Amino acid sequence: IFLAQDGPYRLAFQSWSLLALFRVWKMRVVNILLLRAAAQAPASTFTLLGVQECWELSLTDSTTCWDSGCIYAPAVTETNYICDGYTSLQQARSYYCSLVDAPPEQLYADQEEPPQSTEVDSRADRVLATVRSWRNGHAFRTLARECAKDDGSCSRAASAYVETLLPFMIPMVTGIFTIFAYHTCCWLACFRCCRRCCCCSERKEPRKAKKWQRRMAQAVFILMGLGVFGCSVSLYVIGSNLHDAATLSFCRLYVMSDEFLNGSREPPIFLGLDIGIQTLQSLAERLDVDGGAMQGLRDNLVETEPLEIAYQRFADAAAHMNMVLQENGHTEILDHVCSICRLLAGHNRTGDVGLLGEIVQQVDASPASSMNAIRDTILNRLTGDNLTAAVSAVRNAEVSLLEFRRILGRQFVQPFVGSQDDFASLEDVRNVVFDGVGAWAILCVILGMFALFVAKKSRRKYPAAQPSACAWCCTFIFCIVAQLVGGALLTSTIVMTEMCDFWENDVTTQQGYIDYAAEFELETNWTRSIAQTCMASTGTGRLTETFGLVGALGFQQELDQHYETFEVTLASKVLDNAKNDQLRTLAQNWGGYFQLNAKLALNPSGIDQLNMSTLFAHDRANPVPSSSSTVFGLDTYANLIAGPGKYQFLHGTSGDAVMINSTHPTEDFIITQPVLVQHALRYAKQKEQLLETGATWFRCDTLDLDSGNVTEQMCDFDSFSAHVGSLANQVLAELEDLGAEAAAAQRLFQYDIREGDLGLNNILQQVRTLLNRFTCRFVWWRLKSITEAMCRTVTPSLLEAAGAWIAMACFSLVIIFIEYKVWRHLKDNRAVGLDIERYEKKYGEGKRHKSLEDAYAEVVQAHIERTG
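Residues numbered from 1 in each chain as written. Predicted model: local features only at pLDDT ≥ 70, side-chain atom pairs only at ≥ 80, totals over all residues. Heavy atoms only, no water.

### Topic: a nonpolar patch on the surface
- Together, Val173, Ile176, Phe177 and Phe180 line one region of the surface with nonpolar side chains, adding up to about 420 Å² of accessible area.
- Locating Phe177 in the fold gives a position in helix H7 (residues 170-190). (Patch = residues over 30% accessible without salt bridge, like charges linked within 9 Å, V, L, I, M, F, W, Y side chains within 5 Å. Areas by Shrake-Rupley, 256 points an atom, 1.4 Å probe, with all protein chains shown as cover. Salt bridge = Lys/Arg side-chain N within 4 Å of Asp/Glu carboxyl O. Helix = DSSP H or I, 4+ residues; strand = E, 2+ residues; numbered from the N terminus.)

In structure tokens form, the structure reads like this:
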């Protein structure tokens, strides 16, 4: 009826139809024209390039994008390029996210998953639980697993799955039967002969409807009309929710795609696959063993080799001297402690590092140590097999990410990005169906109420039936649409719910990307690993660990630490003249500094002088400030044994009394003396034993710095004293050489190795960027938010919409029954009544017949008599 009208309504409908068709196909037409122009244009005008070639030509700035293809037209050239890029994601992201109430949450690497609405979750859980209660088992999971096989079982599984959906298609089946019923009613309305059939025969004479029938019809109609009105309002609200949910899903999809492909400078800070691949390409070129950067580093290693030699010689000399002193100082020799050993090498028990340790620490805190550490790291990590392994890991990551980007674009982004206009058109159609049919239903209810009102208030003997016919005809239309749409939505909801369950529990898992690798084109282990790392519920998100880049590029952290130390120690000096002079003085003048550590009782009046006495002949000033300013020699010790003038040492210089040497006095003589004197004499003999020429109490190992060979040997006291001095001279000589080499190499490390296009700074910056900004854990959170929007917002809304449509269909069926009965009552009364009136007028007033059949029989009989 609506389409048959002339005037503004028909014009409006035709205009809307043309606009809808143009919206659906406008992008397709533009693309077809574009590709035809590219195909027909000369080769110098358009060039079809891949992503890699576009990157090489730096064509990612000036773009105009249509669907998944982009036209690149740089101003600096006369050539236009068509590339498969995704630079339009940012514009689409801005557009869709501007339509939602709340923008997507900002994510951080150490943040838990963003909280979801409790109301939405509980409603979604109820819907999912309801659908699962309707469905026994996991039919869609079985279908997906069968279709993942290559044995041809997919078609059988699909047929079996469709059979399980048949009970949910009952509203669609009833809608088809309603179409046949509608056609039958239309035939009855158009042709009176159809109303003569046995099952649809019209009544024989007019009659009035009973009062209770009229009131019941009116009451039921009003109730059903209110139900239709409520369903229409619900559909409007649900349609608005569906639109918001679809917009939110597209917003989240574009946010995830844009952040994953193009990167994000705001949290979550991610480099992006495109920039990450470019960074890997550049890094691989810089790390190439034959490249300029690595060749320059090898040249620098040659130039700085004298520094390493000097540092190693100093370290070996200091370590050797420390070892010799430790060997002689860690235990007592004949109850005597090597004090010079502890002064120079320290003592493990007290934690004192000694003067030699302080000099070594001074060198370690100087630029020489940092430069040597930098050189060692470069030598060990950026040459040979380690460099080859690093380049191999970077190249492998680059190739794998390129392949994964292609798969991601073709399997995930392009189907949505390239079909966004189709989705928009589909959304327009849905809006028209939901809102238009809802408004149509309300108009039909109003028309039905008007038909009832006309029938009730009509003053005619036989009221017209046309308003009621229009009412049930109108109601039939939206009832059919409601049944078909409700059944389709119910079936779609079942399928979507099972797909959501399958997607969350089967696909987006570590095992899921292995089981369904063929469907996602994840043909290599590395592409599957990327999906498991970034897009699985248990993924770590650390792409650098997935490709082994953390270990292969570990030189970055080491070099950063060494250069940080280098910057801090630039003001420090390698040589500390005061400490060097002190070391030289102590080693040359105090090489034989040993002190007694008595365990036996001695003369109390001279206990300090006796107990800490040395092997020197005379008293000396203490070289290290302590409680005693003097260290006591052999002469003082001899005077304190039993009094002045009674004993003297062989190696002493005072007195003319009993001589003490390594064998005298004898034990027979000693035991005749007082106990304290006995103890003192025994310690005195030990002193002489230590001082005896040719004795081998001490370690005097020597080191050949050129070969690194150590010669172990024992020596006497005088040799040891001289050996300490020679060791110190060796250390100081190497230290001076190290200082000279460090001064010569400092500028090389400070500028030449770091700065410039081929310097370490660019390499370290690229590695630092990869390691710090290539964590994709946020992708799973974004993917989950998209799933939440689709499965926990769209799916419940679709089920509610299906319920509203089916309820509207049920209400409309009751209304159709009432409107049809009213129409048939009025139609039969009018048709039969008018026939009787015509008959009475023709054959006489007041002549009545018992039935219409009798009147027809008489008419036929009269005709026979008249015509013979």
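### Topic: the packing of helix H9 (residues 273-287) against helix H29 (residues 760-772)
- Where H9 contacts H29, the axes come no closer than 10 Å and their chain directions differ by 145 degrees. Crossing of H9 against H29: the hand is left-handed. Across the interface between the two elements, Gly276, Thr279, Leu280, Ser282, Leu283, Arg286 and Leu287 from H9 touch Asn762, Ile763, Gln766, Val767 and Leu770 from H29.
- Split into classes, the residues belonging to the contact of H9 with H29 amount to six nonpolar, five polar and one charged. (Axes fitted to C-alpha atoms, helices over the stretch in contact; angles between N-to-C directions. Left-handed = near helix turned anticlockwise from the far one by under 90°. Contact = heavy atoms within 4.5 Å. Nonpolar A, V, L, I, M, F, W, Y, C, P; charged D, E, K, R; others polar.)

### Observations regarding a positive patch on the surface
- A contiguous patch of positive charge, built from Lys208, Lys211, Arg214, Arg215, Lys456, Lys457 and Arg459, is present on the exposed surface.
- Every element with two or more residues in the positive patch is listed here: helix H8 (211-262) and helix H16 (420-457).
- Sort the elements by how many residues they give to the positive patch and H8 lands first, with three residues.
- Looking at where Arg215 falls in the secondary structure, it is placed in helix H8.
- Of the residues examined, Arg215 reaches a relative accessible area of 52% and is grouped as exposed. (Lys, Arg positive; Asp, Glu negative; His and termini not counted. Charge placed at Lys NZ, Arg CZ, Asp CG, Glu CD. Buried < 20%, exposed > 50% of the residue type's maximum accessible area, 1.4 Å probe, protein only.)

### Describing the side chain of Ser468
- Inspection of the secondary structure puts Ser468 in helix H17 (residues 466-507).
- By relative accessible area, which is 3% here, Ser468 ends up buried.
- Those residues in contact with Ser468, other than ones at most four positions away along the chain, are Ala451, Glu819, Val822, Trp823 and Leu826.

### Here's the deal with the packing of aromatic side chains
- Tallied over the entire structure, the rule returns 30 aromatic pairs.
- Their ring planes at 85 degrees and their centres at 6.1 Å tell us that Tyr563 and Phe566 sit as a pair that is edge-to-face. In this pair, Tyr563 and Phe566 are both assigned in helix H22 (residues 555-568), three residues apart and thus about one turn of the helix distant. Across this residue pair, the class does not change: Tyr563 and Phe566 are buried.
- Sitting above the plane of the Phe434 ring, Arg430 keeps its charged end 5.0 Å from the centroid.
- Arg620 extends its terminal NZ or CZ atom over the ring of Trp590, reaching a point 5.2 Å from the ring centre. (Phe/Tyr/Trp six-rings, centres within 6.5 Å; stacked < 30°, edge-to-face > 60°. Lys NZ or Arg CZ within 6 Å of the ring centre and 35° of its normal.)

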